[in-house]
Amino acid sequence: MALDVTGETPVERTAERTVAAPPRWVTMSLIALAVLAVDQATKAMVRAALEPGEGVDAVGPYSIFHVQNPGVAGGGFAGNALPLAVLATIGVMLLYEFLAVRTRARVWLALGFGLLVGGGVGNVVDRARHGWVTDFIRNGDHAFNIADVAIFAGGVIVLVGLIVGRLRPARIDG
């Protein structure tokens, strides 16, 4: 079995049949939807179990502590966060499309951008529904949520993928 990745959509070739791999947006979207579902479920559990400002000790320096964060990046841009978050999510999706057609690291990009988009949309949903984001994983003065973890991990995975996959040189047709 070989994988031919010369075209837009990678094709898996076997002795019996040829199977097209799912388009890059399908894989990335499924990952994003999974992150969104886990993020929204955990935030709903925290809102149902704890009042804002309440918490319980968890593991080591971490606690589960209900925080309503009206801003972004540690509370900045309070009141103006929704438009900024929507623009950032659109920008991330455009960057994904740009990079996906220029690199050999398609699996890395689908995973990384799936995490980035899923986390970003998870926080956008909170901002649109509540006017703030539910943060609940607390370490000292810092609180974050599953969406934030996904965004951080996605960024690391995209960077590693780009380094490992190296951008393809531009073709010069002459």
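Residues numbered from 1 in each chain as written. Predicted model: local features only at pLDDT ≥ 70, side-chain atom pairs only at ≥ 80, totals over all residues. Heavy atoms only, no water.

> So, the overall build of the protein chain: which residues are in play, and what are the values?
A count of helices and strands for the protein chain gives four helices and seven strands. Each helix (α) and strand (β) of the protein chain, taken in turn from the N terminus, gives the series β-β-β-α-β-β-α-α-β-β-α. The 174 residues of the protein chain split such that 32% are buried. For the protein chain, long-range pairs separated by at least 24 residues make up 65% of all intrachain contacts whose partners lie at least 6 apart in sequence. About 10,400 Å² of surface is accessible on the protein chain, with carbon and sulfur atoms providing 68% of the total. (Helix = DSSP H or I, 4+ residues; strand = E, 2+ residues; numbered from the N terminus. Buried < 20%, exposed > 50% of the residue type's maximum accessible area, 1.4 Å probe, protein only. Contact = heavy atoms within 4.5 Å. Areas by Shrake-Rupley, 256 points an atom, 1.4 Å probe, with all protein chains shown as cover.)

> Explain the packing of aromatic side chains to me, and be specific about the residues and the numbers.
Overall, the coordinates contain zero aromatic pairs when judged by the stated rule. Here the guanidinium or amino end of R138 rests over the ring plane of F65, the centre of that ring lying 4.1 Å away. (Phe/Tyr/Trp six-rings, centres within 6.5 Å; stacked < 30°, edge-to-face > 60°. Lys NZ or Arg CZ within 6 Å of the ring centre and 35° of its normal.)

> Could you give me a rundown of the environment of D39, with the residues and numbers involved?
Tracing the backbone through its elements, the reader meets D39 in helix α1 (residues 24-49). Every residue in contact with D39, bar those within four places of it in the chain, is listed here: G122, N123, N145, I146 and A147. A distance of 3.0 Å separates the side chain of D39 from the backbone nitrogen of A147, its partner in a polar contact. (Polar contact = N/O pair within 3.5 Å; in protein donor to acceptor, adjacent residues only side chain to side chain.)

> So what's going on with the side chain of K43? Residues and values would help.
Checked against the element boundaries, K43 lands in helix α1. A relative accessible area of 0% means that K43 is categorised as buried. For K43, the side chain forms a polar contact with the main-chain oxygen of G122, separated by 3.4 Å. At 3.2 Å, the side chain of K43 and the side chain of D126 are in polar contact. When near neighbours in sequence (up to four residues on either side) are disregarded, K43 contacts G122, N123, D126, V133, T134, F136, N145 and A147.

> Describe the nonpolar core, listing the residues and the values that go with them.
Counting 10 residues, the largest nonpolar core consists of M28, A32, Y96, L99, L109, A110, F113, L116, V117 and V158. The set of elements that each furnish at least two residues to this core consists of α1, α2 (81-100) and α3 (106-130). Among the elements that line this core, the one with the most residues is α3, at five residues. Setting aside anything within four residues of it in sequence, one finds F113 in contact with M28, V92, L95, Y96, L99 and V158. (Core = buried A, V, L, I, M, F, W, Y, C linked by side-chain atoms within 4.5 Å.)

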